[in-house]
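Each chain, letter by letter, is given below.
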Amino acid sequence: MIRVVLVDDQPLIRSGLRVLIADIPDLEVAGEAGNGAEAVELVQRLRPDVAIMDIRMPGMDGIEATRRINADPESKTRVLVLTTFDDDEYVYGALRAGASGFLVKDMPLKTILDGIRVVAAGDALIAPSITRRLIAEFTARPEPAAAARRGVVDGITDREREVLTHVGRGLSNAEIAEELTISVATAKAHIARLFTKLDARDRVHLVILAYEIGLVAPPQ
C-alpha cells in the first residue's frame, strides 16, 4: 500500500484527488494539508511514501515545503509536484528542492496515478511538456553552488563518470548498457552507486548534476 498525503490550498482539488485515490487498491490517502507549513508538519508526523504537492499556496509555498521535507534526514517521503503552472522557474525550483517528479493538473488521471507509483518506487518523472532543452538551459546557468559541486564527482570511477554522462544525455539503462558494452544489470549497479556517492535521490537529480558539472553540454 502506497500512503499519500495531498497538499493543495484548494479543498476541491484535494477532494477530487481523495475520491480518485479511494478507488485504487494500492493507494491510500494518509492525510491532507492546505499549505506548505502544514505539509511539512504532516509529513514529519505521518511519514507517508509520497507527498503530492502544489506549488503556489499561501504562506509557505510548495517549493520551500519540498526543500524542508528533503532536508529531514529521517524523511523517506518523495515529493510529486502536481500543479497548474509549468513555468520553467517553478519546475526547476521544485527539482532543485528535491522533488522526484513534476506533473500538471490537466494530465490524464491515469498518468497522475502512474506517476504516484513511479515516484514511490524510487524513480522520477517529468511531464512531457517539460523538455530536456529547458532542463539544460536552466541547469547551465552559472550559480555559485554549481562550481562547488564539481568536486563531488572526484570520488567516482571513470566508468561511473561515463555512466553519469549517458544518464545526463537521457539514455535508459538498456541504452547505456549497449553504449558501454555491459549488461543492463551492471548499468543498474553503476547507477545505484552513483545515487549513493553523489547523494542523489533519483535519476532526475543525476541529470541535473551531469549538466551542472559540464559532463553534458546544453543544446544550442
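Residues numbered from 1 in each chain as written. Predicted model: local features only at pLDDT ≥ 70, side-chain atom pairs only at ≥ 80, totals over all residues. Heavy atoms only, no water.

*Asks:* Before we go on, may I ask you to explain the overall build of the protein chain in this structure?
*Replies:* Each helix and strand counted, the protein chain has 11 helices and six strands in total. The long-range fraction of contacts in the protein chain, counting pairs at least 24 apart against all pairs at least 6 apart in sequence, stands at 66%. Surface summary for the protein chain: the accessible area is close to 10600 Å², and the carbon and sulfur share equals 53%. (Helix = DSSP H or I, 4+ residues; strand = E, 2+ residues; numbered from the N terminus. Contact = heavy atoms within 4.5 Å. Areas by Shrake-Rupley, 256 points an atom, 1.4 Å probe, with all protein chains shown as cover.)

*Asks:* Would you explain the side chain of threonine 77 in this entry?
*Replies:* As for its position among the elements, threonine 77 is in the loop between helix H3 (62-71) and strand E4 (78-83). Judged by relative accessible area, which is 0%, threonine 77 ranks as buried. In this structure the side chain of threonine 77 is engaged in a polar contact, spanning 2.6 Å, whose partner is the backbone oxygen of proline 48. Ignoring sequence-local partners within four residues, the contact set of threonine 77 consists of Val43, Arg47, Pro48, Asp49, Val50, Ala51, Ile69, Asn70 and Arg201. (Buried < 20%, exposed > 50% of the residue type's maximum accessible area, 1.4 Å probe, protein only. Polar contact = N/O pair within 3.5 Å; in protein donor to acceptor, adjacent residues only side chain to side chain.)

*Asks:* Got a minute to help me understand the environment of alanine 39 in this structure?
*Replies:* With respect to the secondary-structure elements, alanine 39 resides in helix H2 (residues 36-46). On the accessibility criterion, alanine 39 (1% relative accessible area) is buried. In this structure, the C-alpha to C-alpha distance between alanine 39 and methionine 53, residues 14 residues apart in sequence, is 8.4 Å. In contact with alanine 39, other than residues within four places in its own chain, are Val7, Ala33 and Met53.

*Asks:* Sorry if this is basic, but what is going on with unusual backbone geometry here?
*Replies:* Among all residues save glycine, negative phi is the norm, and among peptide bonds the norm is trans. The phi angle at arginine 47 is positive, at roughly 50°, despite the residue not being glycine. Here arginine 47 shows up in the loop between H2 and strand E3 (50-53). Within the chain, threonine 181 stands out as a residue other than glycine whose phi angle is a positive 55°.

*Asks:* Where do I start with the packing of helix H8 (residues 158-168) against helix H11 (residues 203-212) in this structure?
*Replies:* Packing of H8 against H11 brings their axes to within 8 Å, and their N-to-C directions diverge by 100°. For the element pair H8 / H11, the angle class is roughly perpendicular. Residue-level inspection shows Leu164, Val167 and Gly168 of H8 in contact with H11, the latter providing Arg203, Leu206, Val207, Ala210 and Tyr211. Among the residues forming the contact of H8 with H11, the class breakdown is six nonpolar, one polar and one charged. (Axes fitted to C-alpha atoms, helices over the stretch in contact; angles between N-to-C directions. Parallel < 35°, antiparallel > 145°, perpendicular 65-115°, else oblique. Nonpolar A, V, L, I, M, F, W, Y, C, P; charged D, E, K, R; others polar.)

*Asks:* What exactly am I supposed to notice about the pairing of strand E2 (residues 27-33) here?
*Replies:* A regular strand places its side chains on the two faces of the sheet in alternate fashion. Where strand E1 (residues 2-7) lies against E2, six bridges are found, and the strand directions are parallel. Bridging across to E2, valine 7 finds its partner in alanine 33. (Pairing = 2+ DSSP bridges.)

*Asks:* Would you take a moment to explain the side chain of arginine 14 for this structure?
*Replies:* Its location among the elements puts arginine 14 in helix H1 (residues 11-22). Side-chain polar atoms of arginine 14 contact the backbone oxygen of aspartate 8, separated by 2.6 Å. The contact partners of arginine 14, leaving out residues within four places of it in the chain, are Leu6, Asp8, Asp9, Glu32, Ala33 and Gly34.

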